[in-house]
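# Inside the fold
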Amino acid sequence: MNNAIKEHWDEIYESLDADELTWYEEIPEPSIRLLSECHINKDETVLDVGAGASTFIDYLIDQGFSNIIAADISEIALGRLKERLGKEKASLVKWIVDDITEPVHIQNLRDIALWHDRAVLHFLLQENQRRTYLSMIKKSVKKGGYVIIAAFSLKGAKKCTGLEVRNYDHNMLGEFLGKEFVLLDYFDYIYHTPAGMPRPYVYTLFRRNP
Ligand SMILES: C[S@@+](CC[C@H](N)C(=O)[O-])C[C@H]1O[C@@H](n2cnc3c(N)ncnc32)[C@H](O)[C@@H]1O
């Protein structure tokens, strides 16, 4: 686990309420839109990598998904999410504190029907970090499974929470995932932070060849 990165995110989640975060979504509409295009059953496994305190988890629970995994480097972030959900709903989720660039637990996951990443991959600047991230997708996402990745677009911010990001478009994400993953849909999306600042994202949906 990269302790400097863990501390960075722990401090942010400690000092701000979930709805003050510059990526907070009351309703994660673009993710919901892409989820609706995935042909998966509610008992199949959905992994939200770098879930933070995301409301996508609330949505999945409310829709009746019964195999949800929330993974994040920050235990504080997942604690915030658990708190919001309350005991009953939180017990429906499998919680994993892990670093996607130095994974200990994520590498044991298999049969993931949907890998969901909003605003995590773009923090991985080093090639070895990106390689590890990709190897986790290849190990864990089943054949015919789906991958949603949302990242700051080429028109987007160059930094978030003081950390540099790598900007993407749908072609770059397709090249990153490789030929085994087919691009099913993508769109540009302007997210507005709680303070009203525009943050251009690209949202992509891929399917792994069956
Ligand atoms: C910008 S936030 C997005 C959170 C969530 N996906 C959302 O849309 O609300 C980035 C998240 O990635 C997590 N993260 C950053 N680096 C990570 C890593 N190396 N491994 C796992 N999680 C990481 C952070 O703790 C944080 O919760």
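In this report, the structure presented in the accompanying data block is examined. (Residues numbered from 1 in each chain as written. Predicted model: local features only at pLDDT ≥ 70, side-chain atom pairs only at ≥ 80, totals over all residues. Heavy atoms only, no water.)

### Observations concerning the site of the ligand
In the vicinity of the ligand there are 18 residues, among which Tyr13, Gly50, Asp72, Asp99 and Arg118 approach most closely. In this structure, Asp99 approaches the ligand through a side-chain N or O atom, which is 2.8 Å from a nitrogen atom. Within the contact set of the ligand, an oxygen atom lies 2.7 Å away from a side-chain nitrogen or oxygen of Arg118. Here the ligand loses 97% of its free accessible area of 590 Å² to cover by the protein chains. Cavity membership is defined here by more than half of the atoms lying within 2 Å of grid points; on that basis the ligand lies in the largest pocket. A breakdown of the residues in the shell around the ligand according to their chemical character gives 9 nonpolar, 5 polar and 4 charged. (Near = heavy atom within 4 Å. Polar contact = N/O pair within 3.5 Å; in protein donor to acceptor, adjacent residues only side chain to side chain. Areas by Shrake-Rupley, 256 points an atom, 1.4 Å probe, with all protein chains shown as cover. 1 Å grid on protein atoms, 1.4 Å probe; cavity = no way out; pocket = protein on both sides within 12 Å on 5 of 7 lines; lining within 4 Å. Sits in = over half its atoms within 2 Å of the grid points. Nonpolar A, V, L, I, M, F, W, Y, C, P; charged D, E, K, R; others polar.)

### Some remarks on the pattern of salt bridges
Per the counting criterion, the structure on display carries 9 salt bridges. In this structure, Arg118 engages Glu25 in a salt bridge whose closest nitrogen and oxygen atoms are separated by 3.4 Å. Here Arg118, found in strand 4 (residues 112–118), pairs with Glu25, found in the loop between helix 1 (3–15) and helix 2 (29–35); they are 93 residues apart in sequence, far enough to count as distant. The two residues Arg118 and Glu25 agree in class, both being buried. (Salt bridge = Lys/Arg side-chain N within 4 Å of Asp/Glu carboxyl O. Helix = DSSP H or I, 4+ residues; strand = E, 2+ residues; numbered from the N terminus. Buried < 20%, exposed > 50% of the residue type's maximum accessible area, 1.4 Å probe, protein only.)

### What about the sheet that holds strand 3 (residues 93–97)?
On the basis of which strands lie adjacent, the open sheet formed by 7 strands has the order 3-2-1-4-5-9-8 and mixed pairing. Single-partner strands in this sheet number two, and they are strand 3 and strand 8 (181–192). Across the sheet, the mean angle from the axis of one strand to that of its neighbour is 15°, orientation sign disregarded. As defined by bridge partners, strand 1 (residues 45–49) adjoins strand 4 across 4 bridges and the pair is classed as parallel. The residue bridging Asp48 from the neighbouring strand is His116, located in strand 4. Sheet contacts for helix 3 (residues 55–62): strand 1, strand 2 (67–72), strand 3 and strand 4; angle to strand 2, the most-contacted strand, approximately 170°. The strands that helix 4 (residues 75–90) touches are strand 2 and strand 3; relative to strand 3, the one it contacts most, it runs at about 165°. (Pairing = 2+ DSSP bridges. Axes fitted to C-alpha atoms, helices over the stretch in contact; angles between N-to-C directions. Contact = heavy atoms within 4.5 Å.)

### Concerning the nonpolar core
Grouped together as the largest cluster of nonpolar side chains are 42 residues, with contacts concentrated most on Trp23, Ile40, Ile57, Leu114 and Tyr201. Core analysis: the second largest hydrophobic core is formed by 27 residues, Leu109, Ile112, Tyr133 and Ile137 among them. (Core = buried A, V, L, I, M, F, W, Y, C linked by side-chain atoms within 4.5 Å.)

### Remarks on the packing of aromatic side chains
With the rule as written, the count across this model stands at 10 aromatic pairs. Aromatic pair Tyr133 and Phe176: ring centres 6.0 Å apart, planes at 45°, arrangement tilted. Placement of the pair is Tyr133 in helix 5 (residues 127–140) and Phe176 in helix 6 (residues 170–177), with a sequence separation of 43 residues. Residues Tyr133 and Phe176 agree in their burial class; the two are buried. (Phe/Tyr/Trp six-rings, centres within 6.5 Å; stacked < 30°, edge-to-face > 60°.)

### A look at the environment of Thr45
Within the secondary structure, Thr45 sits in strand 1. What makes Thr45 buried here is its relative accessible area of 18%. Thr45 sits 27 residues away from Asp72 along the chain, and the two C-alpha atoms are 17 Å apart. Those residues in contact with Thr45 that lie beyond four places of it in its chain are Asn67, Ile69, Asp111, Ile112, Ala113 and Leu114.

### What about a negative patch on the surface?
On the surface, Asp17, Asp19, Glu20 and Glu26 cluster together into a patch of negative charge. Within the secondary structure, Glu20 sits in the loop between helix 1 and helix 2. A relative accessible area of 40% places Glu20 in the partly exposed class. (Patch = residues over 30% accessible without salt bridge, like charges linked within 9 Å, V, L, I, M, F, W, Y side chains within 5 Å. Lys, Arg positive; Asp, Glu negative; His and termini not counted. Charge placed at Lys NZ, Arg CZ, Asp CG, Glu CD.)

Any functional reading would require information beyond the geometric quantities listed.
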